[in-house]
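These are the residues of each chain, in order.
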Amino acid sequence: MVKFLDLYSQYKTIKPEIDNAINSVISKSAYIGGEYVSKFETEFASYQGVKYCVGVGNGTDALEIAIESLELPAGSEIIVPANSFIASAEAVTRTGHKVVFCDCDPRDYTISIDDLKRNISSNTSAIMAVHLYGHPCDMDALLDIAKRNNLKIIEDCAQAHGAEYKGRLVGGIGDVGAFSFYPGKNLGAFGDGGAITINDNKLALRCRKIANHGRTEKYNHEFEGRNSRLDGLQAAILSVKLKCLDEWTARRIAIAEEYSEKLKDCDDVVLPYQNRDVKHVYHLYVIRALKRDALKKYLEKKDIQIGIHYPIALPKLNAYQYLEQNTTHFFACKNDQYQLSLPMGSHLSGANVAFVSDMICDF
Ligand SMILES: *Cc1c(COP(=O)(O)O)cnc(C)c1O
């Protein structure tokens, strides 16, 4: 069996450190807030090259709180790429803004710069830059568009821990970054977790207050916020795992290169494209296959686990029919039937990668 993801095998490689971290949190009862959370926030800010990191309950909350902190005009439009996880769009609606979808780039699948320009209106206030699959968006183009149109940029970095655009780490290029530590992400906790990365101290403080009932001191609340916390156990686990992230990312990149080398002569398969300006961290290795569903079945019969990210483009979901936006011409809305995610992660051996590639070529 070739697993799509194998969290237990990853745990086994760092079991003593993780067990020790969990025991320390328990012995100090540092469950909410406390030293482990502050320590991880400092470490993660330093890793991502930003001034501040605010730990929160999950990646979706990170997006919501990030948007809320920007204090954009109520009901204003935020442009969201059509190919993403629903959280990228949900956070927009949940914070009282309007989702406007734009197409994705047919090569790297991140937000299409041309289509983004077409969708800017006088009501647009921000852009949701999703570094999808671990491939950074074209940030120079986004920064230029944002500057000309007075728009904010929220970076959805849920799939892009450690990814770089022209040598700069994602999460600190736009106005605010949002990370997820969902277990299956490149840096994953043992439950839910998330973080906001930010360089502006006022925004950072605002995010912290929103995530903590609008308070500055224990019972002094400046405004109504909410409760969204990264907990002590998750923070301690993440501190251990952060030390391994570069090694795991290097392995992901090596696996991606092996796949690309072995699949390059395979007909009817389009390989992931990597812009020369970026460090792609391959949260997912996504190919395009003409007979995707049949290929998926074939691979599953060979005991290979396969994923689809995402089988229904966001504008086609029932959840967004109310928008009545015409997106039928979007590349993203057609490509959802061709994309296929191959097993990825440091649990894979060279033999696993060769087997998966051979089976795809056989098909
Ligand atoms: C996982 C993910 C999120 C949401 O993160 P959670 O921690 O699951 O809330 C948001 N955006 C993208 C692109 C994701 O992949």
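Residues numbered from 1 in each chain as written. Predicted model: local features only at pLDDT ≥ 70, side-chain atom pairs only at ≥ 80, totals over all residues. Heavy atoms only, no water.

Novice: Describe helix 4 (residues 59-69), naming the residues involved and giving the relevant values.
Specialist: The buried count for helix 4 comes to 9 of 11 residues, which makes it a mostly enclosed element. All of the buried residues in helix 4 are G59, D61, A62, L63, E64, I65, A66, I67 and S69. Put simply, N58 is the residue that caps the front of helix 4, since its side-chain oxygen is 3.0 Å from the backbone nitrogen of T60. In the stretch just after helix 4, E71 is the one whose phi turns positive, near 50°. (Buried < 20%, exposed > 50% of the residue type's maximum accessible area, 1.4 Å probe, protein only. Helix = DSSP H or I, 4+ residues; strand = E, 2+ residues; numbered from the N terminus. Polar contact = N/O pair within 3.5 Å; in protein donor to acceptor, adjacent residues only side chain to side chain.)

Novice: Would you mind going over the site of the ligand in detail, with residue names and values included?
Specialist: Neighbouring the ligand are 14 residues, the closest being G59, T60, D156, S180 and K185. For the ligand, an oxygen atom lies 2.5 Å from a polar atom in the side chain of T60. Out of a free accessible area of 380 Å², the ligand has 92% covered by protein chains. Within the residue set of the shell around the ligand, elements represented by two or more residues are helix 4 and helix 5 (87-94). (Near = heavy atom within 4 Å. Areas by Shrake-Rupley, 256 points an atom, 1.4 Å probe, with all protein chains shown as cover.)

Novice: Give me the lowdown on the sheet that holds strand 1 (residues 52-56), citing residues and values where you can.
Specialist: Judged by pairing direction, the sheet is mixed, and its 7 strands sit side by side in the order 1-9-8-5-4-2-3 without closing on themselves. The sheet is open, and its two edges are formed by strand 1 and strand 3 (98-102), each paired on a single side. Sheet twist, expressed as the mean angle between neighbouring strand axes with direction ignored, is 25°. Each of strand 1 and strand 9 (194-198) is contacted by helix 8 (residues 201-211), which is oriented at about 10° to strand 1, the strand it contacts most. (Pairing = 2+ DSSP bridges. Axes fitted to C-alpha atoms, helices over the stretch in contact; angles between N-to-C directions. Contact = heavy atoms within 4.5 Å.)

Novice: Got a sec to walk through the sheet that holds strand 14 (residues 285-289)? Specific residues and values, please.
Specialist: Read from one edge to the other, the open sheet built from 3 strands follows the order 12-14-15, with strand pairing classed as antiparallel. Each end of this open sheet is capped by a strand with a single partner; those strands are strand 12 (269-270) and strand 15 (339-342). The pairing of strand 12 with strand 14 spans 2 bridges and is classified as antiparallel. Following the sheet pairing, V270 is matched in strand 14 by R288. Helix-sheet contacts for helix 10 (residues 245-263) involve strand 14 and strand 15, and the interaxial angle to strand 14 is about 20°. Sitting on the sheet, helix 11 (residues 292-301) touches strand 14 and strand 15, and the angle it makes with strand 15 is about 25°.

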